[in-house]
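# Report on the structure
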Amino acid sequence: MGALGRTAFGMGHTHTARLFPEPFGPLAGHCTYAITQKLEADFDMVRLVYGNDAPTPYEVSAACIAASSAPGTEAGWKRVTFAGGESRLIVPAAEDEPVFACSDWMRLASIAPIEDDGLPWLMTRTFLRDGGRGIVIGP
């Protein structure tokens, strides 16, 4: 994983961007990718980002998120939507540059962590119908 950057993102929210080195890796189809991340600040909204550097699109068939006080302890999974309520997302094919596709902003409040560092955890699960080359990025 590369550098962690922050940029202002309207309405007083801060958007956290994670930069990944190229090339992107192969993603297997009919597979669920589970990621647990410690974020740098409390959150109340989450948006998932998917990338593709291949000349063919791939499909995100389903995704869900959960706030956590520690890895493995969630407070209920919440289904993620795309394009204003759709249940799936097509990550477009790349041409000259990698492309990125996002989920809708989902309301989800962070939970105070068990650890003393005060940084919250976020758990994500993404099911891919088709294989491809890309990256699955958290918030």
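Heads up: these notes are all about the structure in this document. Quick caveat, the model's predicted, so the values are computed rather than measured.

This next bit is on unusual backbone geometry. Comment: phi is negative for the bulk of residues other than glycine, and the bulk of peptide bonds are trans. Of note, the phi angle at His30 is positive, near 55 degrees, even though the residue is not glycine. Along the chain, His30 falls in the loop between strand E3 (25–27) and strand E4 (31–38). On the basis of relative accessible area, His30 is assigned to the exposed category, the value being 64%. For Ala83, which is not a glycine, the phi torsion comes out positive at approximately 50 degrees. Relative to the helices and strands, Ala83 resides in the loop between strand E9 (78–79) and strand E10 (89–91). Overall, Ala83 belongs to the exposed group, its relative accessible area being 67%.

Attention shifts here to the nonpolar core. Counting residues in each nonpolar core, the largest one holds 22 residues, and the members touching the most others are Tyr50, Val60 and Ile65. Within the residue set of this core, elements represented by two or more residues are strand E7 (58–70), E10 and strand E13 (121–128). Here the element with the most residues in this core is E7; it accounts for five residues. Those residues within four positions of Tyr50 in sequence are excluded, and the remaining contacts are Tyr58, Val60, Ala63, Phe82, Leu89, Val91, Val99, Phe100, Ala101, Thr126, Ile135 and Val136.

Definitions and cut-offs
- Residues numbered from 1 in each chain as written.
- Predicted model: local features only at pLDDT ≥ 70, side-chain atom pairs only at ≥ 80, totals over all residues.
- Heavy atoms only, no water.
- Helix = DSSP H or I, 4+ residues; strand = E, 2+ residues; numbered from the N terminus.
- Buried < 20%, exposed > 50% of the residue type's maximum accessible area, 1.4 Å probe, protein only.
- Core = buried A, V, L, I, M, F, W, Y, C linked by side-chain atoms within 4.5 Å.
- Contact = heavy atoms within 4.5 Å.

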